[in-house]
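An overview of the molecular structure
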2 protein chains.
Amino acid sequence: MKDNQVNIGILGLGTVGTGVARILLEQKELLRTRSGLTFNLTAISELDWNRDRGLDLTGVHCTTQADEVLNDPNIDIVVETIGGYEPAYTFISRALQNKKHVVTANKALIATRGRELFKLAEENGVDLLFEASVGGGIPIIKGLREGLVANRINSIYGILNGTSNFILSRMHQDELEFDQALKEAQAKGFAEADPTLDISGGDAAHKLTILATLASSAFVDYHQLSVEGITNITKLDITFAKSFGYTIKLLAIYRALENGLDLRVHPTLVPNSHLLAAVNNELNAVFVNGDFVGNTMFYGPGAGERPTASAIVSDIVDLSRNLDQHLTNRAVHLDRAAATVPLTEITNRFYLRFFTLDAPGILSKISGILGEHNISIASMVQLETHEQDHYVPIVLLTHEASEQAMAEALDKIGKLDFVRDNYLRLRLF
Amino acid sequence: MKDNQVNIGILGLGTVGTGVARILLEQKELLRTRSGLTFNLTAISELDWNRDRGLDLTGVHCTTQADEVLNDPNIDIVVETIGGYEPAYTFISRALQNKKHVVTANKALIATRGRELFKLAEENGVDLLFEASVGGGIPIIKGLREGLVANRINSIYGILNGTSNFILSRMHQDELEFDQALKEAQAKGFAEADPTLDISGGDAAHKLTILATLASSAFVDYHQLSVEGITNITKLDITFAKSFGYTIKLLAIYRALENGLDLRVHPTLVPNSHLLAAVNNELNAVFVNGDFVGNTMFYGPGAGERPTASAIVSDIVDLSRNLDQHLTNRAVHLDRAAATVPLTEITNRFYLRFFTLDAPGILSKISGILGEHNISIASMVQLETHEQDHYVPIVLLTHEASEQAMAEALDKIGKLDFVRDNYLRLRLF
């Protein structure tokens, strides 16, 4: 950095990269007023230069060669907005080795290969920041890492995947089936052509991995999480949840228990009185409990060109404060691995939905098996209507019970010949 | 700072000061892990040393003389938690002159004398941070100043006063009258013996002044705000608001209009579908719209020993990053004064409640006056029940109308001999 000028190179001019370029061009004066620094968009590498992005790139070096950004000695900060594993991983590594600070929104990469990348950053005396990787425009990384720095984080409950939240919201609002809601999400641009990573819980799990690493000050491996998506939820389940006073949300859950971390992503029945139940459509929210602050929530858009770019530029400004000093005191702790508690050792309240033949004694058989496993029933609904080939739905809410016991009981119940095998088990908040 | 040791002195060991001491003692290891720094509670000045605060202050210099903290050359950061104007102002000034960084939760002081204090900090090459002054434990100052640094802030709607929010929530939940709810708030410690500053809107106005200064990057004077409290709201108004689908909240409002800032604190009818309507009891929330990020919300406890201390310690850690460099690039802009738009030039939707004699032609008289002032009625309720000495309530919701026109119309309506003079005008979100 010379004369308070900060030079920035962008790798990838897709949705998010375009947003970053737009902010750097449009808000140059605002950023100067607020930070005392001038941020120059110096170079962009991108393979497809045919698309019109509505940007005036006069004076910006536009290239198809990432190396022209990565090796440019004038560039202080490299922004990676390509996404995915390769070539993003290689490019970020090269930027760090060239002693350039890096800002990225790449949650998949940070969640799965963060450890190597943070190590590389540390070795080269530069920073790797990733505010945009979780919660889009919501400053949750900063909130957790700096705002709540004085707190042991007891728990985090996050709505971290906009696609899933949009689908579930639409199923709640207009009683759509999953497939209809997914199609609407795709039509509105809230779901990709291949939505697997979103609806399977994988994307939320990437983000939870990152939050858990920050919250615990220890390294969390993506594979330590237990992950379940929203694809098995039907219109009927939404209706039942509603009737019990709950809203179904895909929650990413972090709990610091005595013997380790409880880390899960799964659809959850959230009581309607809880603020998270009111977070609808594509929006995200992160509900955090710290031992001094108590309950806090951060809410906002979890994706999109402009919100994600807002988060990236906040990282750029943050980095620039320390550019001359090469301070890297924000590094993630790499030396300690987090201990996790296996799902089987957790207890939860459960929502269970079966389709059974409408015959006498069935309920007593099911509740008998649950009882044998010390699972007690809090409330129950059996509908009279005959649907689904003479099968009728039975829905139970249980009291607190062990996951292990529930898995064993469900295994037995699933084998009963009057129970169809597409039963559903959800958890309560 | 020597050998990564940061020495801290606290002025005032009341509720918040005690919380700060508690974090520095209890979370020393956590803070060291996260920041690489050791934070030492070096000295505390306090007049009343008789109270047992449950702190082990072995090794801490405990004094009744603030100067022993302010003049101690070993102290890097002074935390002011005395509150009020004096001696807090004198002490903070002296600390800054002694080239010590200062952290404070003193919203009244920052809102009314911040300009002088920030100037003094700048002249002495030190920082004055104040995260805890707004929203207690919620990292809203950091969120606004750093997390949303890339955004022009279009609007802020804040529930910033826990006392008022508690009172209004209790009025909503159990249909209490204002006085009953206030008494309950006092009994539960959510309102002070003299609650004037809270229920008059003054405290929320202090906090809005601070947020507005940050959001606009220009200095806002406390007297530029128009402020109205919650004391005139009755159980009846709560009931009417509910019936229209609204919740009454004391909102602190910031809007960046073309010709200046619209800055107001007043009770507001918030639609029940809005997230702010679900922020209940003593909790605070700040709903921010930025031109890139869109809508975000920050939610959490707005007061209390532990949350407020959490925010103060986050400032302490932030400051310590730059302690060696004497970087003060977080200074508030002092050179530009914000332009505000007078209330009379604003338009709003209104809630109007009158008590009138139950006689023919009254409604046409009132609606006639409103019509003369170009105020059109969106909905209206007149109750049949005779109460209040044969006066009956009439409630109107208007379409968008000018504040000036409304003031003139109300002046005329108030003079009608069949209208009691305790009418109420509220605004809609």
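Conventions used here
- Residues numbered from 1 in each chain as written.
- Chains lettered and ligands numbered in written order.
- Predicted model: local features only at pLDDT ≥ 70, side-chain atom pairs only at ≥ 80, totals over all residues.
- Helix = DSSP H or I, 4+ residues; strand = E, 2+ residues; numbered from the N terminus.
- Rg over C-alpha atoms; globule rule 2.2 N^0.38 Å.
- Contact = placed C-beta atoms within 7 Å.
- Pairing = 2+ DSSP bridges.
- Buried ≥ 20, exposed ≤ 12 C-beta atoms within 10 Å, placed from the backbone.
- Least-squares fit on C-alpha atoms with pLDDT ≥ 70 in both.
- pLDDT = per-residue confidence, 0-100.
- Core = buried A, V, L, I, M, F, W, Y, C linked by C-beta atoms within 7 Å.
- Axes fitted to C-alpha atoms, helices over the stretch in contact; angles between N-to-C directions.
- Parallel < 35°, antiparallel > 145°, perpendicular 65-115°, else oblique.
- Left-handed = near helix turned anticlockwise from the far one by under 90°.
- Nonpolar A, V, L, I, M, F, W, Y, C, P; charged D, E, K, R; others polar.
- Domains from an automatic or database assignment.
- Expected span 1.5 Å × (residues − 1).
- Arc of directions from axis to C-beta.

1. Quick notes on the overall build of chain A
Counting secondary structure elements, chain A contains 14 helices and 18 strands. Here the C-alpha radius of gyration of chain A, 24 Å, is about what a compact globule of 429 residues would show, namely 22 Å. Oriented by its inertia axes, the alpha-carbon framework of chain A measures out at about 80 × 45 × 35 Å. Taking the contacts inside chain A whose residues are at least 6 apart along the sequence as the reference set, 74% of them involve residues at least 24 apart.

2. A word on the environment of Thr15(B)
Its place among the elements puts Thr15(B) in helix α1 (residues 15-26). Along the backbone, Thr15(B) and Ala309(B) are 294 residues apart, and their C-alpha atoms lie at a distance of 9.1 Å.

3. Some remarks on the sheet that holds strand β3 (residues 61-63) of chain B
Pairing is parallel across the open sheet formed by six strands, whose spatial order is β3-β2-β1-β4-β5-β6 (chain B). At either end of the open sheet lies a strand with only one pairing partner, and these are β3 and β6 (128-129) of chain B.

4. Digging into unusual backbone geometry
Residue and element names in this part refer to chain A. Following Glu86, the chain continues to Pro87 via a peptide bond in cis, the omega torsion being 10°. Among the structural elements, Pro87 can be located in the loop between β4 (77-80) and α4 (88-97). Phi is positive for Lys99, which is not a glycine, with a value near 60°. Relative to the assigned elements, Lys99 resides in the loop between α4 and β5 (101-104). Classification of Lys99 by C-beta neighbours within 10 Å gives partly exposed; the count is 13. Look at Asn374: it is not a glycine, yet its phi comes out positive at around 60°. Along the polypeptide, Asn374 turns up in the loop between α13 (362-372) and β15 (377-382). Exposure remark for Asn374: the 11 C-beta atoms within 10 Å place this residue in the exposed category.

5. Concerning the relation of the copies chain A and chain B
What relates the two chain copies is a rotation about an axis together with a slide along it. Each copy superposes on the other: chain A lies on chain B with an RMSD of 0.0 Å after a rotation of 180° and an axial shift of 0.0 Å. Each copy turns onto its partner about a two-fold axis. Taking C-alpha positions as the reference, the residue of chain A nearest the rotation axis is Phe298(A), at 2.4 Å. A symmetric contact is evident, with 100% of the interface residues of chain A recurring at the interface of chain B.

6. Observations concerning the confidence of the model for chain A
Across chain A, the average pLDDT comes to 93, with 96% of residues at 70 or higher. For this predicted complex, the interface score ipTM comes out at 0.95, alongside a pTM of 0.95.

7. Some details on the interface of chain A and chain B
By convention, interface size is frequently given as the accessible area that disappears when the constituent parts associate. The interface of chain A with chain B comprises 46 residues on the first partner and 46 residues on the second. Put simply, the parts of the chain that give the side of chain A that touches chain B at least two residues each are α2 (28-35), α6 (140-147), β12 (294-301) and α12 (305-321) of chain A. At nine residues, α12(A) tops the list of elements feeding residues into the side of chain A that touches chain B.

8. Re the nonpolar core
Taken as a class, soluble globular proteins show a tendency for nonpolar side chains to be buried jointly. By size, the foremost hydrophobic cluster in this structure holds 264 residues, and its most contacted members are Leu208(A) and Leu208(B). Once residues within four sequence positions are removed from consideration, Leu208(B) is found in contact with Gly158(B), Leu160(B), Leu225(B), Ala252(B), Tyr254(B), Leu263(B) and Val265(B).

9. Quick notes on the environment of Tyr85(A)
As for its position among the elements, Tyr85(A) is in the loop between β4 and α4. Judged by local crowding, Tyr85(A) falls into the partly exposed class, with 13 C-beta atoms found within 10 Å.

10. Let's talk about the sheet that holds strand β3 (residues 61-63) of chain A
Residue and element names in this part refer to chain A. The six strands lie next to each other as β3-β2-β1-β4-β5-β6, forming an open sheet whose pairing is parallel. Single-partner strands in this sheet number two, and they are β3 and β6 (128-129). Strand direction decides the pairing type here: strand β1 (residues 5-11) and strand β2 (residues 38-45), joined by seven bridges, are parallel. Bridged to Asn7 within β2 is Asn40. Contacts from α12 reach β1, β2, β4, β5 and β6, with the element oriented near 160° to β5.

11. Focus: the packing of α13(A) against helix α14 (residues 403-415) of chain A
All names here are of chain A. Look at α13 against α14: their axes get within 9 Å of each other, and the N-to-C directions meet at 155°. Taken together, α13 and α14 sit at an angle that is classed as roughly antiparallel. Between α13 and α14 the crossing geometry is right-handed. Where α13 approaches α14, its residues Ile366, Ile369 and Leu370 are matched on the opposing element by Ala409, Lys412 and Ile413. Split by residue class, the contact of α13 with α14 holds five nonpolar, no polar and one charged.

12. Focus: the domain arrangement of chain A
Residues and elements named next belong to chain A. Annotation of chain A at the domain level lists domain 1 (5-134 + 305-321), domain 2 (140-301) and domain 3 (344-428). Opposite the 11 residues of domain 1 that make contact, domain 2 presents 13 residues. When residues in the side of domain 1 that touches domain 2 are grouped by element, the largest group, six residues, is from helix α5 (residues 107-123).

13. Notes on the packing of α5(A) against helix α10 (residues 202-216) of chain A
Residues and elements named next belong to chain A. Two elements in contact, α5 and α10, have axes whose closest approach is 8 Å; the angle formed by their N-to-C orientations is 55°. Considered as vectors, α5 and α10 are oriented oblique to each other. Along this stretch, α5 crosses α10, giving a crossing that reads as left-handed. The segment α5 lies against α10, with Lys107, Ala108, Ile110 and Ala111 engaging His206, Lys207, Thr209 and Ile210. Among the residues forming the contact of α5 with α10, the class breakdown is four nonpolar, two polar and two charged.

14. A few points about the pairing of strand β9 (residues 246-257) of chain B
Residue and element names in this part refer to chain B. Among the 12 residues of β9, nine are classified as buried, and the element is accordingly described as predominantly covered. As paired elements, β9 and strand β10 (residues 260-271) share 12 bridges and run antiparallel to each other. Its bridge partner lying in β10, Ile253 is registered against Arg264. The hairpin formed by β9 and β10 contains two residues between the paired strands.

15. Details of the pairing of strand β7 (residues 153-159) of chain B
Successive residues of a regular strand alternate their side chains across the two faces of the sheet. All names here are of chain B. The element β7 is extensively covered by neighbouring structure, given that five of its seven residues are classed as buried. Here six bridges tie β7 to strand β11 (residues 283-290), and the two strands are oriented antiparallel to one another. Residue pairing for β11: Tyr157 is matched across the bridge by Phe287. Here β7 pairs with β9 via four bridges, running antiparallel.

16. A closer look at helix α14 (residues 403-415) of chain B
One turn of an α-helix holds 3.6 residues; hence residues three or four places apart share an orientation. All names here are of chain B. For α14, which comprises 13 residues, the first-to-last C-alpha distance of 18 Å matches the rise-based estimate of 18 Å (1.5 Å per residue) to within 8%. All of the buried residues in α14 are Met406, Ala409, Leu410 and Ile413. Buried positions in α14, seen along its axis, are confined to an arc of 100° and lie on one side of it. Facing away from the buried side of α14 by over 90 degrees, the exposed positions are Asp411 and Lys415. Buried residues along α14 sit in contact with β14 (350-357), α13 (362-372), β17 (401-402) and β18 (424-428).

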